[in-house]
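The residues making up each chain are set out below.
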Amino acid sequence: MLLNSKGNKHRRPSRVVRIATLAGVTGAAIAVPLMGATGASAASVSTWDAVAQCESGGNWSINTGNGYYGGLQFSQSSWAAAGGTQYAARADLATKAQQIATAEKLLALQGPGAWACAGAGNLSNDGVDPGVDTGSSAAKTEAAPKQESAPVQKAEPKKAERTEAPSTNRSERAAAPKAESKTVTTPTGKKVEKGDGEYKVVTGDSLSKIAADHKVEGGWEQLFKLNKDIVTDADLIYPGQQLHLTK
């Protein structure tokens, strides 16, 4: 199962330790003891087969109704965050190749710690291109509830800019602070709240990892409560978000 490192992980810590910027608990991008992700994130098909064997018995179409889908047991939030909805509404409705391609993106965001079974499959960012064919014609045609599809974010219309006379006071212009963005953009283009905490999330983070590294009393659960205004899913945190470590 995907660990709570998923969010930065995609499985609840109670089941397994696992943003966007475009999104943990045992494991930001959205929360984990997760192993850090690297730029060259890839694993062979045989490695993913081994992970799937441990996660779901190798059943790539599994849906037991427990909130986790497909051979690699994606949560719906992790599937959407890693771009899986471009193939199917849920992981169990996608082909094996499409699930592996989506898992590659999640691996780059969260690292191997996003899966509880990473050790069983010796999953690592080894740079091996699995070479899977995600051709849409191979996707399953089973209908899925529309509400499960990741919403498409429309670009906001540009506001007309007002032309103001330039200030003649040089010191006044220099003192004017630049407006700081209050949001963070996830890998899928979605904007999430940035927050104003003292810790800045980096790639490979998860709520559980951050809690352990900074000795947060109460663990990832307390860290989740402290930042519930910007973290809506303990499995998903994103690089650039700023979390509070204490009250």
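Residues numbered from 1 in each chain as written. Predicted model: local features only at pLDDT ≥ 70, side-chain atom pairs only at ≥ 80, totals over all residues. Heavy atoms only, no water.

Draft legend 1. Just the overall build of the protein chain, in detail. In terms of helices and strands, the protein chain carries six helices and six strands. Each helix and strand of the protein chain, placed in order from N terminus to C terminus, yields the pattern α-β-β-α-α-α-β-β-β-α-α-β. Here the protein chain holds 247 residues, and the buried ones make up 49% of them. For the protein chain, the computed accessible surface area is about 12600 Å², with 51% contributed by carbon and sulfur atoms. (Helix = DSSP H or I, 4+ residues; strand = E, 2+ residues; numbered from the N terminus. Buried < 20%, exposed > 50% of the residue type's maximum accessible area, 1.4 Å probe, protein only. Areas by Shrake-Rupley, 256 points an atom, 1.4 Å probe, with all protein chains shown as cover.)

Draft legend 2. Expanded view of the packing of aromatic side chains. Taken as a whole, this structure holds two aromatic pairs when the rule is applied. Ring geometry for Trp48 and Trp115: centres 5.1 Å apart, planes at 65 degrees, overall edge-to-face. Of the two residues, Trp48 sits in helix H1 (residues 45-56) while Trp115 sits in the loop between helix H3 (96-110) and helix H4 (170-175), which places them 67 residues apart along the sequence. Overall, the relative accessible area of 1% leaves Trp115 in the buried class. Seen from their ring centres, Phe74 and Trp79 are 5.0 Å apart, and the 70 degrees between their planes marks the pair as edge-to-face. (Phe/Tyr/Trp six-rings, centres within 6.5 Å; stacked < 30°, edge-to-face > 60°.)

Draft legend 3. Main features of the side chain of Asp205. The residue Asp205 is located in the loop between strand E5 (199-200) and helix H5 (207-213) in this model. Classification of Asp205 as buried rests on a relative accessible area of 2%. Within the structure, Asp205 has its side chain in polar contact with the side chain of Tyr199 (distance 2.6 Å). In terms of polar contacts, Asp205 uses its side chain to reach the backbone amide nitrogen of Val202, at 3.0 Å. (Polar contact = N/O pair within 3.5 Å; in protein donor to acceptor, adjacent residues only side chain to side chain.)

Draft legend 4. Representation of the nonpolar core in the model. With 25 residues, the main nonpolar core has Trp48, Leu72, Phe74, Trp115 and Leu123 as its most contacted residues. A total of five residues in this core trace back to one element, the largest contributor, which is H3. Grouped together as the second largest cluster of nonpolar side chains are 14 residues, Leu207, Ile210, Ile230 and Ile237 included. (Core = buried A, V, L, I, M, F, W, Y, C linked by side-chain atoms within 4.5 Å.)

Draft legend 5. Highlighting the environment of Gly83. As for its position among the elements, Gly83 is in the loop between helix H2 (76-81) and H3. The exposure class of Gly83 is buried, given its relative accessible area of 16%. In this structure the C-alpha to C-alpha distance between Gly83 and Thr102, which are 19 residues apart in sequence, comes to 6.4 Å.

Draft legend 6. A look at the state of the cysteines. Applying the stated rule across the entire model yields one disulfide. The residue that forms a disulfide with Cys54 is Cys117, at a sulfur-sulfur distance of 2.0 Å. Its S-S torsion of approximately -60 degrees makes the covalent link between Cys54 and Cys117 left-handed. Here Cys117 lies in the loop between H3 and H4 and Cys54 lies in helix H1, a separation of 63 residues in the sequence. Classification of Cys54 by relative accessible area gives partly exposed; the value is 38%. (Disulfide = S-S within 2.5 Å.)

Draft legend 7. Examining the packing of H1 against H3 more closely. Interaxial distance between H1 and H3 falls to 11 Å at its minimum, and their mutual angle equals 95 degrees. Accordingly, the angle class assigned to the pair H1 and H3 is roughly perpendicular. Of the residues in H3, those in contact with Val45, Trp48 and Asp49 of H1 are Lys96, Ile100, Ala103, Glu104 and Leu107. (Axes fitted to C-alpha atoms, helices over the stretch in contact; angles between N-to-C directions. Parallel < 35°, antiparallel > 145°, perpendicular 65-115°, else oblique. Contact = heavy atoms within 4.5 Å.)

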